[in-house]
Amino acid sequence: MTSISGFYTPSTYQNTTALGQNLQLRKSISDLQTDIARLQEQQATGKKAFTHGDLGSESNVVQGLRQKVSGLDGYLRTISQVSTRTEGIQGALDVLQQAGDRLGINGMTALNTDADIQLQQIPREAEGALESMITALNSNIDGRYVFAGAETQTRPVTNQDAIMNGTPGKMGLKEFSQLWLDANVGDDGMGRLSITRGEGALAPETLSLKSEGGVFGLKLRGVEIDGSASMPGLYETANGARGDLTFTGPGAPGDQVDLTFELPDGTETTIVMKGVSAKIGTPPTDVVEYEIGDTAEQTAINFRVALEARVKELVAGEVSGAASAAAADSFFEDNPPRIPEGDPATGATRLASAGNTTVKWYNGPGMPNVTVDGHIQGSAAGLPALNDAPANPKAGDQFLVGATPTGGDPFDTHAGEIATWDGASWSFAAPTAGTRAVADTNANWDSPPQPADLRGQIVEYDGANWQVFDPGTDGVQVLAGDQAGGDRSDAVMRWDAGTSTWSVVDPQPTTLIDDNANPKRIGTYDGFAWTWTTPELGQEIDDTSVTPAATRVWDGTNWAPTGRRPEDIPEARNTVVAKVDDGTYVSYGARANETAFVDTLKAAAILAAVEHGGDNADHYHALASRAAPNLKSAAAKVIDTRTAIGVTEDRLNTLKNRHEDVGYLTEQQVNRIEKADEYEVATELLDAMNQLRATYSITGKLSQLTLANFL
């Protein structure tokens, strides 16, 4: 309790002069009035003191507690903001999940019913679902786009009309996917597959199956034969693969040939060809029947007719659906997207960068560049050295005729020359100075007229002899052709100036820049063949083949350095971080290009981009059979994302409750120090008033005055 100023009794003044008495009375009254005023103010405000100095030694304690309360209030405001944003993200993801899940269910239901009318409704449903998805991913909360990662002022997803139909000078998904469809179907509806009989020097009972679309169309991957037919095996051609199927006799019912093809989206399908004496009724599902003829030639004809019919059915359905799905993958995932190079229907065999010719669907951060892990200084074709012509060359194959060709063989009299097969006949020419090739390991490369063992090396003709090619700089790399043999086929080889030898690079790069090409194209190896794309002005790559790794940009002539190093793309959640306690942070960022969202968007978009009806029914059925299940699995991934954000929300709620509890207790501590007890103040005030009255009374008596006169 606060002490009251001293109280003077009559005896206090007995031995005091009149002046002293007067001064003491004035001081006593003034002190009591000050105490009363202070107590009245405490009673009115509930506070003990009105400056930190008045708190004395407890001032530092109060300031520390107040600072703690202020910090907690700041964290609570941050938690409130973050909670509002995560709530908005969850709401948007709920829309995304529900739209994708519903479209996926409806698509799968339509696929499982005989009524095609239901499948015809899916394109319109997909349009509506896509609109909902894009709106959700463009959610803006408190002036921030919550699906743009750290770039919260950037609207992440382009509008639906531009994505689907394009903008002036830029193609949308509909036109983009049509290019892919044309390149995979071909102008004859055979999926870039040709089936010829008795080609060139081959017998009329031999069928040549050739995948000629490069990266497009049906790619022949395997053949299994049970019956009276034979095939030496598949071998690569300039733009695919070839297999020569020879019927060694008419055959018998039950003969079977299984042809396995890779589809444009990387999946595989097998055509089962079964020989029958006569076609009666409907064949078993997934079996194509061909009639056994009286001769091997007639059987080959029947086989070809049946196979071509089945291939056209396959192309109209599965190949077309797979092509549309693959187009959506490139449109939404590649940076930049890739399109067929050349005439899509007839001439395209590889992909080129779409660059600025295609609408960019995503405008936020986090789109990865192509990563290059090797550079080459051109390529060298494989050049096997043989004394005898090979049995099954492919068009364009070249061979070095050995020193001792067999008499009567097509190579006879052409020792030392380069033999070229054009698909029908051989031509021969002497090597010219500067001709470069990869020698195989055949012993013919270790015999005259070669002056040294050149087996397995990259060689160059100097006008008189073949020599190991010396590029003049240690570490130069060259891509060996597919005829190089062994582990050298389609492999990058490096020059060792110390040993003057070429060796296969280990590990092999999978993405290359050809510095000798014009323009300096990008090559990607898929385990089967190299695919080359032409760079687009302004395109960036991350070059990891140099130390330190560097980001480069195509300036129209060279891959120029940008002065930047490849950026590690942060996990989406880590793009936005908030401090919610001392040393405690929560991550709650989101990007529209996250895998779960992209999978949902692209499935809905391609279902909306392709029309259903007429001759397109099988195409759409095959597409829906891919996209609908993908929507279901994508919806599950969205749920995983929602769960992760839900964990953050739970953590925020826990911290909010803790901060509120700690803040309340801290305020109580401050109040115990700063707050005046109203009962104690009232008691002290009453006591002070009584003392003041008593002092006035004593003063009056000492002065023989009434209180009124004294006043």
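It should be noted that the structure appears before, not after, this text.
Residues numbered from 1 in each chain as written. Predicted model: local features only at pLDDT ≥ 70, side-chain atom pairs only at ≥ 80, totals over all residues. Heavy atoms only, no water.

Participant: Please clarify how empty space enclosed by the protein should be interpreted in this entry.
Facilitator: Space left empty within the atom packing is revealed by a probe, the size of a water molecule, rolled over the atoms. Under the definition given, this model contains two cavities of 30 Å³ or more. Computed from the structure, the largest cavity encloses a volume of approximately 70 Å³. Along its surface, the largest cavity is lined by Arg-85, Ile-89, Arg-144, Tyr-145, Val-146, Gly-149, Thr-152, Val-576, Tyr-588, Gly-589 and Ala-590. Put simply, the parts of the chain that give the lining of the largest cavity at least two residues each are α3 (59–111) and β2 (144–145). Tallied by class, residues from the lining of the largest cavity come to six nonpolar, three polar and two charged. (1 Å grid on protein atoms, 1.4 Å probe; cavity = no way out; pocket = protein on both sides within 12 Å on 5 of 7 lines; lining within 4 Å. Points joined across faces, edges and corners; volume = space filled by probe spheres on them. Helix = DSSP H or I, 4+ residues; strand = E, 2+ residues; numbered from the N terminus. Nonpolar A, V, L, I, M, F, W, Y, C, P; charged D, E, K, R; others polar.)

Participant: I'm lost on the pattern of salt bridges in this one. Help?
Facilitator: A pair can form between side chains of opposite charge whenever their charged atoms are brought close. Tallied over the entire structure, the rule returns 29 salt bridges. In this structure, Asp-581 engages Arg-658 in a salt bridge whose closest nitrogen and oxygen atoms are separated by 2.1 Å. Separated by 77 residues along the polypeptide, Asp-581 in strand β34 (residues 577–581) and Arg-658 in helix α10 (residues 617–674) bring together distant segments of the chain. The partner of Lys-602 in a salt bridge is Asp-599, and the shortest N-O contact between them spans 3.7 Å. Pair noted here: Lys-602 and Asp-599 are both in helix α9 (residues 595–609), with a separation of three residues, about one helical turn. The exposure class of Lys-602 is buried, given its relative accessible area of 12%. Owing to a relative accessible area of 14%, Asp-599 belongs among the buried residues under this scheme. Where salt bridges share partners, they join Glu-199, Lys-210, Glu-212, Arg-242 and Asp-244 into one cluster. (Salt bridge = Lys/Arg side-chain N within 4 Å of Asp/Glu carboxyl O. Buried < 20%, exposed > 50% of the residue type's maximum accessible area, 1.4 Å probe, protein only.)

Participant: When you look at the sheet that holds strand β14 (residues 370–372) in this model, what are you seeing that I'm missing?
Facilitator: Sheet strands pair via backbone hydrogen bonds, and the direction of the pair is either parallel or antiparallel. Taking strand neighbours across the sheet as the criterion, the four strands line up as β14-β31-β32-β33 in an open arrangement whose pairing is mixed. The two strands at the open ends of the sheet, each matched to only one other strand, are β14 and β33 (559–561). Each neighbouring strand pair of the sheet contributes to a mean axis angle of 40°, computed without reference to strand direction. (Pairing = 2+ DSSP bridges. Axes fitted to C-alpha atoms, helices over the stretch in contact; angles between N-to-C directions.)

Participant: For this particular structure, what's the right way to read α9?
Facilitator: Given 3.6 residues per turn, any residue in an α-helix points the same way as the ones three and four places further on. Its 15 residues give α9 an end-to-end C-alpha distance of 21 Å, which sits within 8% of 21 Å, the value for a rise of 1.5 Å per residue. The buried fraction of α9 amounts to 14 of the 15 residues, a majority that puts the element mostly inside the structure. (Expected span 1.5 Å × (residues − 1).)

Participant: Mind showing me how you'd approach the pairing of strand β27 (residues 501–504) here?
Facilitator: Side-chain direction in a regular strand flips from residue to residue, so the side chains alternate between the two faces of the sheet. Two strands pair when backbone bridges link them, and strand β26 (residues 492–496) and β27 are joined in this way by four bridges, in the antiparallel orientation. In the sheet register, Met-493 faces β27, and the bridge partner there is Val-504.

Participant: Explanation requested: the layout of surface pockets in the structure shown.
Facilitator: Its boundaries defined by the atoms lining it, the largest pocket holds a volume of some 1,200 Å³. What lines the largest pocket is a set of 50 residues, among which Gly-214, Val-215, Ala-529, Trp-530 and Thr-531 lie closest to the centre. By residue number, the principal contributor to the lining of the largest pocket is helix α8 (residues 296–333), which donates four residues. Here the residues of the lining of the largest pocket sort into 18 nonpolar, 16 polar and 16 charged. Space inside the second largest pocket adds up to approximately 900 Å³. Every residue lining the second largest pocket is counted, 38 residues in all, and those nearest its centre are Asn-335, Lys-360, Met-367, Pro-368 and Asn-369.

Participant: In this structure, what is going on with the side chain of Thr-666? I would like to understand it.
Facilitator: Examined against the element boundaries, Thr-666 turns out to sit in helix α10. A distance of 2.7 Å separates a polar atom in the side chain of Thr-666 from the backbone oxygen of Val-662. Look past the residues within four positions of Thr-666 in its chain and what remains in contact with it is Leu-65, Lys-68 and Val-69. (Polar contact = N/O pair within 3.5 Å; in protein donor to acceptor, adjacent residues only side chain to side chain. Contact = heavy atoms within 4.5 Å.)

Participant: For this particular structure, what's the right way to read the nonpolar core?
Facilitator: Nonpolar side chains tend toward joint burial in soluble globular proteins. Ranked by size, the top nonpolar core spans 63 residues in total, and within it Phe-147, Phe-332, Trp-361 and Leu-607 carry the most contacts. Put simply, the parts of the chain that give this core at least two residues each are α3, α5 (122–137), α6 (160–165), α7 (173–185), α8, α9 and α10. Per-element tally for this core: the top contributor is α9, with 11 residues. Dropping the residues within four chain positions of it, Trp-361 is found in contact with Pro-156, Val-157, Thr-158, Ile-163, Phe-331, Phe-332, Ala-592, Asn-593, Val-598 and Leu-601. If you look at the next biggest cluster of nonpolar residues, it comprises 33 residues, including Leu-193, Val-257, Leu-307 and Ala-322. (Core = buried A, V, L, I, M, F, W, Y, C linked by side-chain atoms within 4.5 Å.)

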